[in-house]
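Residue-level structure breakdown
Chain by chain, the residues:
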There are 2 protein chains.
Amino acid sequence: MYILHSFCQSGNACKVAFMLNALNVPWEAKFVDFMNGVTRTGEWREGLNEMGEVPVLDDASTAPPKRLTQSGVILTYLAEKHGQFGGATQDERLEILRWIMFDNHKFTSYFATYRFLKAFGPTAPDPIIMKWLGARLEAAFNVVNTHLAKRTYMVAERVTIADISLSGYLFFPVEESGYDLAARFQHIAAWRDRLKNVPGWKDPYVMLPGERIGAKW
Amino acid sequence: MYILHSFCQSGNACKVAFMLNALNVPWEAKFVDFMNGVTRTGEWREGLNEMGEVPVLDDASTAPPKRLTQSGVILTYLAEKHGQFGGATQDERLEILRWIMFDNHKFTSYFATYRFLKAFGPTAPDPIIMKWLGARLEAAFNVVNTHLAKRTYMVAERVTIADISLSGYLFFPVEESGYDLAARFQHIAAWRDRLKNVPGWKDPYVMLPGERIGAKW
């Protein structure tokens, strides 16, 4: 039914895979060789996603079939289509979108970049850049950690796509980012662990295709 | 009547101000002393926006009144409420959201940070960080420049909130960022200039409160 163009190191792809599993709908992963530059080729940009990014989701169940990109768009689309994990009211929908925006702007954005440079970059990362990125990701993590101090989930008393979006990069091994959440951001760590209990949750390296390569730096 | 908590150097606040002007609805700006750290205080985080950010929009016309943050959320809300500048179909709405996500993740994100460090940071920016950010913002700008090569506006044959979002930081003086769009990204520059013809458009330093301080570095 759904085809998810993805690879196992992509937390943004993991967000969508987690959602599809939680919805318990049939889907298949199609491996994208991101690490060897496939998403930056003209072929990829013209054929699949001009933004040069993963994930891409194909939904063949609609006429015409839909091809969607941006994890936040895909999560919103799937929540509306299947009537699960979205907002029940306008206020909830706006609040969910607010956290997905914050996730894309600062939370996933800085953390995913930090982790990529630390674990998978072509050369060892520059400590000046890592220090700068680290300060920014910690500011974003402090916002979410404070928000979660008195809450079970980000927006409602149930899991929503805001949780699925924000948690996308938090299920990878500590050595990839060097950030031990339990030691530094305890409310985020506890919430991340609660999300593992959502039926359908799986480890990223089990859920999506590609070779686990470990942290290079 | 809307109240927009804002200051003139914030392109994210400009996005909302441009939208309110384009909608031709009554609004007032309330100055936020961001440059002196107001949005990072506990008072701001507890009272106005836990994310520590501008813009914040108050809509007193609803019961109860709404307080919204994140420019992408505010633009989406206003487009739905007033029935203008949004998507006419589901596909258009998804495509608009896709570009607003890209804007938050990479386009505004890297450019606004680069400009802030270059023009307004507390000390002269580190050239290593500027080089790294510059490469990332140029990659994002290339995506939008290519997209606009054969289009008048980002998503439809009319202005939508995708245009208003992506253009938010492009109306500031060249010296603040050092990026001359006309020389480097001609399709973006032409589109930006077309947007100045939208009724209601104004220069950021006319539209929003605060002192114009020029580029410090």
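Let me begin by describing the structure that accompanies this report. (Residues numbered from 1 in each chain as written. Chains lettered and ligands numbered in written order. Predicted model: local features only at pLDDT ≥ 70, side-chain atom pairs only at ≥ 80, totals over all residues. Heavy atoms only, no water.)

Concerning the overall build of chain A
For chain A, the helix and strand inventory stands at ten helices and four strands. In terms of overall dimensions, chain A is globule-like: its C-alpha atoms have a radius of gyration of 17 Å, near the 17 Å expected for 217 residues. Taken along the three principal axes of its C-alpha coordinates, chain A extends 50 × 45 × 25 Å. Looking at the 217 residues of chain A, the share that counts as buried comes to 59%. In chain A, 72% of the contacts between residues at least 6 apart in sequence involve partners at least 24 apart. Element-wise, carbon and sulfur atoms account for 51% of the exposed surface of chain A, whose accessible area totals about 9,000 Å². Between the mean site of the 24 positive side-chain charges and the mean site of the 23 negative ones, chain A shows a separation of 4 Å. (Helix = DSSP H or I, 4+ residues; strand = E, 2+ residues; numbered from the N terminus. Rg over C-alpha atoms; globule rule 2.2 N^0.38 Å. Buried < 20%, exposed > 50% of the residue type's maximum accessible area, 1.4 Å probe, protein only. Contact = heavy atoms within 4.5 Å. Areas by Shrake-Rupley, 256 points an atom, 1.4 Å probe, with all protein chains shown as cover. Lys, Arg positive; Asp, Glu negative; His and termini not counted. Charge placed at Lys NZ, Arg CZ, Asp CG, Glu CD.)

Notes on unusual backbone geometry
Residues and elements named next belong to chain A. Between Val 54 and the following residue, Pro 55, the backbone shows a cis peptide bond with an omega angle of 5 degrees. Inspection of the secondary structure puts Pro 55 in the loop between α2 (42-47) and β3 (56-59). Across the junction of Ala 63 and Pro 64, the peptide omega takes the value -5 degrees, indicating a cis bond. Here Pro 64 is to be found in the loop between β3 and β4 (66-69). Phi is positive for Asn 24, which is not a glycine, with a value near 60 degrees. Relative to the helices and strands, Asn 24 resides in the loop between α1 (11-23) and β2 (27-31).

Points about the interface of chain A and chain B
With 37 residues of chain A at the interface, the matching set in chain B holds 37 residues. Summed over both sides, the interface between chain A and chain B buries roughly 3,500 Å², with carbon and sulfur atoms accounting for 63% of that surface. If you look at where chain A meets chain B, you find six salt bridges. Here Glu 53 of chain A and Lys 106 of chain B are joined by a salt bridge, their closest N and O atoms 2.6 Å apart. Breaking the side of chain A that touches chain B down by element, the ones donating at least two residues are β4, α3 (71-82), α4 (90-120) and α5 (127-148) of chain A. (Buried area = accessible area lost by both parts, 1.4 Å probe. Salt bridge = Lys/Arg side-chain N within 4 Å of Asp/Glu carboxyl O.)

Some thoughts on the relation of the copies chain A and chain B
The two copies are related by a screw operation: chain A maps onto chain B through 180 degrees of rotation and 0.0 Å of translation along the axis, at an RMSD of 0.0 Å. Taken together, the rotation angle and the small translation identify this as a two-fold axis. Scanning chain A for the C-alpha nearest the rotation axis identifies His 105 of chain A, at a separation of 2.3 Å. (Least-squares fit on C-alpha atoms with pLDDT ≥ 70 in both.)

A few points about the packing of α5 of chain A against helix α5 (residues 127-148) of chain B
Look at α5 of chain A against α5 of chain B: their axes get within 9 Å of each other, and the N-to-C directions meet at 75 degrees. Between α5 of chain A and α5 of chain B, the crossing angle belongs to the class labelled roughly perpendicular. Of the residues in α5 of chain B, those touching α5 of chain A at Ile 128, Ile 129, Trp 132 and Leu 133 of chain A are Ile 128, Ile 129, Trp 132 and Leu 133 of chain B. Residues that form the contact of α5 of chain A with α5 of chain B fall into these classes: eight nonpolar, no polar and no charged. (Axes fitted to C-alpha atoms, helices over the stretch in contact; angles between N-to-C directions. Parallel < 35°, antiparallel > 145°, perpendicular 65-115°, else oblique. Nonpolar A, V, L, I, M, F, W, Y, C, P; charged D, E, K, R; others polar.)

Thoughts on the packing of aromatic side chains
Under the criterion given, the structure shown has 27 aromatic pairs over all chains. Ring centres of Phe 7 of chain A and Phe 34 of chain A lie 4.7 Å apart, and the angle between their planes is 10 degrees; on these two criteria the pair is classed as stacked. Remark: Phe 34 of chain A occurs in the loop between β2 and α2 and Phe 7 of chain A occurs in the loop between β1 (2-6) and α1; sequence separation between them is 27 residues. Accessibility assignment for this pair places Phe 7 of chain A and Phe 34 of chain A in one class, buried. Measuring from ring centre to ring centre gives 6.2 Å for Phe 18 of chain B and Phe 171 of chain B, while their planes differ by 85 degrees; the resulting arrangement is edge-to-face. Of this pair, Phe 18 of chain B sits in helix α1 (residues 11-23) while Phe 171 of chain B sits in the loop between α6 (161-166) and α7 (174-177), placing them 153 residues apart in sequence. Here Phe 18 of chain B falls in the buried class, since its relative accessible area comes to 3%. A relative accessible area of 10% means that Phe 171 of chain B is categorised as buried. Taken together, Phe 107, Phe 111, Tyr 114, Phe 141, Tyr 179 and Phe 185 of chain A form an aromatic cluster joined through their ring pairs. It is Arg 40 of chain B that lies over the ring of Phe 34 of chain B; its NZ or CZ is 5.5 Å from the centre. (Phe/Tyr/Trp six-rings, centres within 6.5 Å; stacked < 30°, edge-to-face > 60°. Lys NZ or Arg CZ within 6 Å of the ring centre and 35° of its normal.)

As for the side chain of Asp 59 of chain A
All names here are of chain A. Position of Asp 59 among the secondary structure elements: in strand β3. Looking at Asp 59, its side chain comes within polar contact range of the side chain of Tyr 77, at 2.7 Å. Dropping the residues within four chain positions of it, Asp 59 is found in contact with Met 1, Tyr 2, Pro 65, Lys 66, Tyr 77 and Lys 81. (Polar contact = N/O pair within 3.5 Å; in protein donor to acceptor, adjacent residues only side chain to side chain.)

Examining the sheet that holds strand β4 (residues 66-69) of chain B
Residue and element names in this part refer to chain B. With respect to topology, four strands assemble into an open sheet ordered β2-β1-β3-β4, the strand pairing being mixed. Only two strands of the sheet have a single partner each, and these edge strands are β2 (27-31) and β4. Geometrically, the sheet is characterised by an average inter-axis angle of 20 degrees between neighbouring strands, direction not taken into account. Strands in contact with α1 are β1 (2-6), β2 and β3 (56-59); relative to β1, the strand with the most contacts, it is inclined by about 155 degrees. (Pairing = 2+ DSSP bridges.)

Observations concerning the pairing of β2 of chain A
Residues and elements named next belong to chain A. For β1 and β2, the ladder comprises five bridges, and the chain directions are parallel. By the bridge assignment, Ser 6 is partnered in β2 with Phe 31. A crossover links β1 with its parallel partner β2, the connecting element being α1, and its sense is right-handed. (Right-handed = clockwise from strand over helix to strand, strands pointing away.)

What to know about the sheet that holds β2 of chain A
Hydrogen bonds between backbone groups are what pair the strands of a sheet, and the pairing can be parallel or antiparallel. All names here are of chain A. Taken in spatial order, the four strands of this open sheet run β2-β1-β3-β4, and their pairing is mixed. Only two strands of the sheet have a single partner each, and these edge strands are β2 and β4. Sheet twist, expressed as the mean angle between neighbouring strand axes with direction ignored, is 20 degrees. Along the sheet, α1 contacts β1, β2 and β3; its crossing angle with β1, the most-contacted strand, is approximately 155 degrees.

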